[in-house]
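Next come the chains, spelled out residue by residue.
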Amino acid sequence: MRRHRRPKSLAELNLARSPAQRDGQSRSRSELAKASSAAFVSLPRPAATPPARVRILGLDPGSLCTGYAVIETGPRVTYVVSGSIRARGASLADRLQEIFAGVDRLANEYQPDEVAIERVFMHRNADSALKLGQARGAALSATFAVRPRVFEYAPREVKLAVVGTGGAQKEQVQLMVRRLLNLSGRMGADAADALAIALCHAHSRGLSGQLHQLAAGGAR
């Protein structure tokens, strides 16, 4: 009785078949490939979603001078406005009221989607820290009428995002802000700090968006 040896591989199995069997299998594979290709071509391709445009208000609060800056994110970051609110009241309460009124006007005029503000840090002078905290609260609460999302950043985070080192000097921060936004002309230190905070947040949310896209792509 004749014994048939079992093929050891798929390639060998295909060679063991008759020419007619191989031709039939080849035709069926070709037809299947054509059908799959036609089905793939007919599928609608998803349109590229443009980056969402988000308006960011950066705040650098102080009991005497509060810096502010508005930028927009989208295909690229664009400059809208920047400046400072100088509180000239005789008492702290008067100055806090001026800060609140100034930021309130900004929030209502520019309608920010998100607010970026410097995180509270430990200060050697307790009295200065208390005044700074109150100015920060006045500035931040003035934005609540437009219901923005609020984000906080430590000073080192801001410098690291804008300059590349957490120990950067104010002059370096101003220089990089000008370069990143292609600005010319005079710029106050408080306005430059507010722009740096806004840019730090724009950079942070850009990275978050990329990570979200990577996570979504990996889950498919």
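Predicted, not measured: the structure shown is a model, and the values here were computed from it.

A. Representation of the side chain of Thr 143. As for its placement among the helices and strands, Thr 143 is situated in the loop between helix H4 (126–141) and strand S5 (149–153). Among the polar contacts listed, one links the side chain of Thr 143 to the backbone oxygen of Leu 140, at a separation of 2.7 Å. Sequence-distant contacts of Thr 143, defined by excluding residues within four places in its chain, comprise Leu 57, Leu 59, Val 103, Ala 107, Val 115 and Pro 148.

B. Examining the pattern of salt bridges more closely. This model, assessed by the stated rule, comprises eight salt bridges. A salt bridge links Arg 55 to Glu 72; the shortest N-O distance between them is 2.5 Å. Here Arg 55 is found in strand S1 (residues 54–60), whereas its partner Glu 72 is found in strand S2 (residues 65–73), with 17 residues between them in sequence. We note that Arg 55, like Glu 72, is buried. A salt bridge links Arg 136 to Glu 152, with the nearest nitrogen and oxygen atoms 2.2 Å apart. Of this pair, Arg 136 sits in helix H4 while Glu 152 sits in strand S5, placing them 16 residues apart in sequence. Given the relative accessible area of 12%, Arg 136 is considered buried. Exposure remark for Glu 152: the relative accessible area of 37% places this residue in the partly exposed category. Among the charged side chains, a salt-bridge network with shared partners connects Arg 53, Arg 55 and Glu 72.

Calculation notes
- Every chain is numbered independently, its residues counted from 1 as its sequence is written.
- Whole-chain, interface and lining totals are the exception, using all residues; otherwise, since this is a predicted model, local features are given only for residues with pLDDT of at least 70 and side-chain atom pairs are given and counted only at 80 or more.
- With hydrogens and water set aside, each side-chain value is computed from the structure's full complement of heavy atoms.
- Under the scheme used here, helices are H or I runs from DSSP no shorter than 4 residues and strands are E runs no shorter than 2 residues, and both carry numbers assigned from the N terminus.
- Any pair of N or O atoms that falls within 3.5 Å is considered a polar contact. Within protein, one atom must be able to donate a hydrogen and the other to accept it, and sequence-neighbouring residues count only if both atoms are side-chain atoms.
- Here, residues are in contact when the closest pair of their heavy atoms is within 4.5 Å.
- Definition used for salt bridges: Asp or Glu carboxyl oxygen within 4 Å of a side-chain nitrogen of Lys or Arg.
- To sort residues, take the accessible area from a 1.4 Å probe on protein chains only and compare it with the maximum for the residue type: under 20% means buried, over 50% means exposed, and anything in between is partly exposed.

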